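# Understanding the architecture of this molecule
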Amino acid sequence: MPGKVLIVIPCYNEEASLPALLPELLSTNLPNGYQMEALIVNDCSKDNTSTVAKKYKATVIDLPVNLGIGGAVQTGIRYALENSFDLAIQLDGDGQHPPKELPKLINHHLQTGANIVIGSRFLEKEGFQSSFARRMGIKYFHWLNRLMTGLSIYDSTSGFRLFDRKATQLAAANYPDEYPEPESLVVFSKAGLKISEVAVVMAARQGGQSSIRSFGSLYYCFKVTLAMFFSFIRKP
Amino acid sequence: MLRIQIITIVVNILFVLYISRLIVKGKLREEYAIVWVICTVFLLVFSFWTEGLELLRRLTGVVVAANLVFTGFIFAILIYLLHLSVVASKLHNDNKKLAQEISLLKEEFNKHLEKTEK
């Protein structure tokens, strides 16, 4: 019996990028007969994200208050759990994660049996590689992650991720709100989940703004370091 | 009785009355009022018992009595602020859960509505 995959798309003011992203996503063929459902989690956008999203064959969840990326993704994860999806894949609404790369994540999961598969920009030097400062930050988190999880994750800030049933159960109960990507890896690895990376090609964002801008990047590093440390010493 | 004593006692009584009013009107929960009531009790005790502060000062070895008051109160205020941060964090988590639950329910409700309309 073919499995069901939920594509979780957290959106905050993404009315500009959705009309390009959604048709491409919905026409993507997934391997192994997997059935796809697209879920837009509208994180209380100020623009018409919700109205735009409803024009397509996708489920739209409107959050009544802005929860931040982590809270939005967790909403999608909970939806996946409640509607018994086999896999949930987070795909950012800004067009950075091309839908044509989805099969790579699923195939990698099928081959390795990893609970979490991260689409990584850095395993192969291809496509959009982001700015210098950002790459430095990502290097730092690579080091920090290796320290805390013993894993060598090159793109720990990547939001292009696959969660299997086990990871979905864990993330539905415990997923950080703000800047969740590196921190959640500590949580997952402490719970004994298998995390693996696969090379994908990413695009530069099509519209909107990154949640991490120069202004807040130091705060980002500090907050994430602190959060990772406390997740590390917390009893599972 | 000194003039300053009378002033502090009157202010204290007004403060207690205001706290009571807030509680009665349901604007302040009792658990958060405890700290304020304890504070006023302290102030009231020391406004009547002026030698008390001098006694405490000698016991703790502080040179100027005013410093003891400031240190004590600043410490108490910091602890209370920390408590408020804990309360805010709990509210933040509860709020997140509620928002998620509501949005998921709404989606499910709409789905059912569409089904019955067909």
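Scoring rules and cut-offs
In every chain, residue numbers begin from 1 and rise along the written sequence. Here the convention is simple: chains get letters from A, ligands get numbers from 1, in the order in which they are written. In view of the model being predicted, local features appear only for residues whose pLDDT reaches at least 70, and side-chain atom pairs are presented and counted only at 80 or more, with totals across whole chains, interfaces and linings using the full set of residues. Residues are treated as contacting if the C-beta atoms built from their backbones sit within 7 Å of each other. Classification used: nonpolar for Ala, Val, Leu, Ile, Met, Phe, Trp, Tyr, Cys and Pro, charged for Asp, Glu, Lys and Arg, polar for all others including Gly. One requirement defines pairing of two strands: DSSP has to find at least two bridges between them. Labels follow the DSSP assignment, with helices taken as runs of H or I lasting at least four residues and strands as runs of E lasting at least two, numbered in each case from the N terminus. Convention adopted: a line fitted to C-alpha atoms gives each axis, helices being fitted over their contacting stretch, and angles between N-to-C directions are expressed from 0 to 180 degrees. To sort residues by exposure, count the other C-beta atoms lying within 10 Å of each residue's C-beta; 20 or more gives buried, 12 or fewer gives exposed, and values between give partly exposed, all with C-beta atoms placed from the backbone. Taking the helix axis as origin, the arc is that swept by the directions to the C-beta atoms. Residues enter a nonpolar core if they are buried, belong to Ala, Val, Leu, Ile, Met, Phe, Trp, Tyr or Cys, and are joined to the set through C-beta atoms within 7 Å. Note on scores: pLDDT gives the predictor's confidence for each residue, bounded by 0 and 100. Crossovers are described as right-handed under a simple rule: with the strands pointing away from the observer, the path leading from the first strand over the helix to the second runs clockwise.

## Here we look at the interface of chain B and chain A
Chain B puts seven residues into the contact, and the matching count from chain A is 14 residues. Here the residues of the side of chain B that touches chain A sort into three nonpolar, two polar and two charged.

## What about the sheet that holds strand β4 (residues 87–90) of chain A?
Residue and element names in this part refer to chain A. Strand order in the open sheet formed by seven strands is β3-β2-β1-β4-β6-β5-β7, and the pairing between neighbours is mixed. Each end of this open sheet is capped by a strand with a single partner; those strands are β3 (59–62) and β7 (195–199). Neighbour-to-neighbour, the strand axes of this sheet turn through a mean angle of 20 degrees, independent of strand direction. Bridge count for β4 against strand β6 (residues 161–164) is four bridges, and the pairing is antiparallel. Bridging from a neighbouring strand, Gln90 pairs with Arg161 of β6. Each of β1 (4–11), β2 (35–42), β3, β4 and β6 is contacted by helix α3 (residues 68–82), which is oriented at about 160 degrees to β1, the strand it contacts most. On top of the sheet, helix α4 (residues 102–112) reaches β4, β5 (116–120), β6 and β7; it is set at about 140 degrees to β7, its chief contact.

## Describing the pairing of β5(A)
Residues and elements named next belong to chain A. β5 sits mainly inside the fold: four of its five residues count as buried. Pairing between β5 and β6: three bridges, direction antiparallel. Looking at the pairing, Ile116 lines up with Phe163 of β6. Relative to β7, β5 is paired through five bridges, and the arrangement is parallel. Residue pairing in the sheet places Gly119 in a bridge with Val198 of β7.

## A few points about helix α1 (residues 18–26) of chain A
Residues and elements named next belong to chain A. For α1, every residue scored as buried is listed here: Leu18, Leu21, Leu22 and Leu25. End-on, the buried residues of α1 take up no more than an arc of 90 degrees, which puts them together on one face. Residues of α1 that are exposed and angled more than 90 degrees away from the buried face: Ala20 and Glu24.

## Some points on the nonpolar core
In this structure, A:Ile7, A:Val8, A:Leu39 and A:Ile89 are the most contacted members of the largest nonpolar core, which totals 65 residues. Beyond its immediate stretch of four places on either side in the chain, A:Val8 contacts A:Leu39, A:Val41, A:Val73, A:Gly76, A:Ile77, A:Ala88, A:Ile89 and A:Gln90.

## Here we look at the confidence of the model for chain B
All names here are of chain B. The predicted model of chain B averages 89 in pLDDT, with 99% of residues at 70 or higher. Across chain B, element-level confidence peaks in helix α4 (residues 65–117) with a mean pLDDT of 91 and bottoms out in helix α2 (residues 30–48) with 84. As a predicted assembly, this complex carries a pTM of 0.83 together with an ipTM value of 0.82.

## Considerations on the pairing of β1(A)
Residue and element names in this part refer to chain A. The element β1 is extensively covered by neighbouring structure, given that seven of its eight residues are classed as buried. Here β1 pairs with β2 via eight bridges, running parallel. Counterpart to Ile9 in the pairing with β2 is Ile40. Taken together, β1, α1 and β2 form a β-α-β motif whose crossover is right-handed. Looking at chain direction, β1 and β4 are connected through four bridges and run parallel. Opposite Leu6, over in β4, you have Ala88 as the bridge partner.

## Re unusual backbone geometry
Peptide bonds are, in most cases, trans, and in most cases residues other than glycine have a negative phi. Residues and elements named next belong to chain A. The phi angle at Asn13 is positive, at roughly 50 degrees, despite the residue not being glycine. Inspection of the secondary structure assignment puts Asn13 in the loop between β1 and α1. Accessibility expressed as a C-beta count within 10 Å gives 19 for Asn13, which makes it partly exposed. Despite not being glycine, Cys44 has its phi angle at roughly 55 degrees, a positive value. Looking at the element boundaries, Cys44 is found in the loop between β2 and α2 (49–54).

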